Amino acid sequence: SGQPVFSQLFSFLPKDNIRSVIADYQSDRYFKKFKTWDHLITMLFAVLTKCQSLREVESGMAGFSNRFCNLGLSHIAPKSTFSDANINRNSKVFEAIFKACYDHLRPYLPDSCMKNHEWLEKLFLIDSTTITLFKEILKAAGRTPSNGKRKGGVKIHVGMYLKEDVPSVVRISSSATHDSTFLRQLGRFQQGTILVFDKAYVNFELFNKWTKDELVWVTRKKEWLVESVLEEHNVSLDQQKQGVYRIQTIELGHSTQKERVKCRLIYLYDQEKNHVFKFITNDFTYKASEISAMYKQRWQIELLFKRLKQNLVLGDFLGDNENAIRIQIWCNLIADLLIAVAQKMAKRKWAYSNVAGLIRLHLMNYVDLFKLLKNPARKETVSYTHLTL
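Below or above, wherever it landed, is the structure these notes cover.

Calculation notes
Residues numbered from 1 in each chain as written. Predicted model: local features only at pLDDT ≥ 70, side-chain atom pairs only at ≥ 80, totals over all residues. Heavy atoms only, no water. Helix = DSSP H or I, 4+ residues; strand = E, 2+ residues; numbered from the N terminus. Expected span 1.5 Å × (residues − 1). Buried < 20%, exposed > 50% of the residue type's maximum accessible area, 1.4 Å probe, protein only. Arc of directions from axis to C-beta. Contact = heavy atoms within 4.5 Å. Core = buried A, V, L, I, M, F, W, Y, C linked by side-chain atoms within 4.5 Å. Axes fitted to C-alpha atoms, helices over the stretch in contact; angles between N-to-C directions. Parallel < 35°, antiparallel > 145°, perpendicular 65-115°, else oblique. Left-handed = near helix turned anticlockwise from the far one by under 90°. Nonpolar A, V, L, I, M, F, W, Y, C, P; charged D, E, K, R; others polar. Patch = residues over 30% accessible without salt bridge, like charges linked within 9 Å, V, L, I, M, F, W, Y side chains within 5 Å. Areas by Shrake-Rupley, 256 points an atom, 1.4 Å probe, with all protein chains shown as cover. Salt bridge = Lys/Arg side-chain N within 4 Å of Asp/Glu carboxyl O. Pairing = 2+ DSSP bridges.

## Some details on helix 10 (residues 299-311)
No. 1: With 13 residues, helix 10 extends 18 Å between its outermost C-alpha atoms, agreeing within 8% with the 18 Å of an ideal straight helix rising 1.5 Å per residue.
No. 2: Inspection of helix 10 places I301, L304, F305, R307, L308 and N311 among the buried residues, and these make up the whole buried set. Relative to the axis of helix 10, the buried residues are bounded by an arc of 165 degrees and lie together on one face.

What follows is the structure, given as structure tokens:
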């Protein structure tokens, strides 16, 4: 291959759209050498190689300086310049770059749904993950420890379609921010979309609006919510075999709020966990066991958080300020997009972790990425570079 793997990954990105975003945000205005494009290349190199410090990024890129030429990298910044850019360049430009990349790469994203359930194509999963920081940068939830050393925390709110397996809506906040605030920022959905989320997300006004917009929502019931039973339903033997033992139509609300929600309450007993689950939904057409199966798919978004933390550098931040943390999170998500597309386009089925590992090992090698993913054991795949000391 005439280009390193890193350059081949960059060929997936919509460069013209990214330049338009940079121009709209004027993010190069007060930077003489280290432009936004250079910043993006540097951050993605740090993320894909799992660098743990600014010094590692600087020395790592310096060792491959001649292999960044075809990317248009104008300046390999020393760690001080890189640190200043993480502080001063607005992170919103990287958020806009992620959105531009997602819109461009969406047709190439993996389709991991099973074809035997039509509703799997409609699932939109919602959840969040919290990362504890090394010092009090963003406000953390809970009380101050007895030693007075309070650490901050960042919360990443994510919404994604199950069939795409990558985030489409992302919001970053302090860990003290309640999950329910994210529901108002989701935007619009096509009719028939099924929204699945944890019981921490409670917004009765929004639940009623979604019902009017012909959207389906599925979640679990919080114990402290007030309910009044409107109707009891018979449970078929087939549903009983799958653990469903009670179905009710209820009116749900809160003791301090006037807003009420009419929904279906499903009781399911899980023999393996010896636990009773209570699911609520505004849908009255799907089988009760299907509603339970829909909620079970929410685990896929937990796997998303797991792969981001294990295969990239989502937990170890290179900067000690909020702006740097936000920039690194957005660049992690862009890197995740690139790996997901490479995984989808490979002719051989690969686990995400294997694709990420191969890319990290051969990132700056002159290797044909798709030949590598097709058969990594073939010697012709790798073009070795001989160094003269």
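There is more to say after this.
## As for the side chain of N311
No. 1: As for its placement among the helices and strands, N311 is situated in helix 10.
No. 2: Take N311: its relative accessible area is 10%, and that puts it in the buried class.
No. 3: Not counting residues up to four positions away in its chain, the partners in contact with N311 are K50, Y352, S353, A356 and R360.

## Observations concerning the nonpolar core
No. 1: Residues F6, L9, L40, L44 and W210 are the most contacted members of the largest nonpolar core, which totals 131 residues.
No. 2: Ranked by residue count, the leading element in this core is helix 11 (residues 322-345), at 14 residues.
No. 3: Contact partners of F6, with chain neighbours within four places excluded, come to I41, L44, F45, L48, F68, L71, L363 and M364.

## Some remarks on the packing of helix 4 (residues 54-63) against helix 5 (residues 79-88)
No. 1: At a minimum axis distance of 9 Å, the contact between helix 4 and helix 5 shows a crossing angle of 120 degrees. Taken together, the axis directions place helix 4 and helix 5 in an arrangement best described as oblique. Seen from above, helix 4 lies across helix 5 with right-handed handedness. Contact with helix 4, carried on its side by L54, R55, V57 and E58, involves K79, F82 and S83 of helix 5 and no other residues of that element.
No. 2: The class makeup of the residues in the contact of helix 4 with helix 5 is three nonpolar, one polar and three charged.

## Thoughts on a nonpolar patch on the surface
No. 1: Taken together, Y245, Y269 and V276 make up a surface patch of nonpolar side chains, about 250 Å² in accessible area.
No. 2: As for its position among the elements, Y269 is in strand 8 (residues 260-270).

## Points about the pairing of strand 1 (residues 123-132)
Each regular strand shows side chains that alternate between the opposite faces of the sheet.
No. 1: In terms of burial, strand 1 is a largely internal element, eight of the 10 residues being buried.
No. 2: Where strand 1 lies against strand 4 (residues 194-197), four bridges are found, and the strand directions are parallel. Note on strand 4: the bridge partner recorded for L123 is I194.

## Structural notes on the pattern of salt bridges
No. 1: A complete count under the given rule lists 15 salt bridges for this structure.
No. 2: Among the ionic pairs, R307 bridges to D165, the shortest N-O distance being 3.0 Å. Of this pair, R307 sits in helix 10 while D165 sits in the loop between strand 2 (153-161) and strand 3 (169-174); the two residues are 142 residues apart in sequence, bridging distant segments of the chain.
No. 3: For D165, a relative accessible area of 18% puts it in the buried group.

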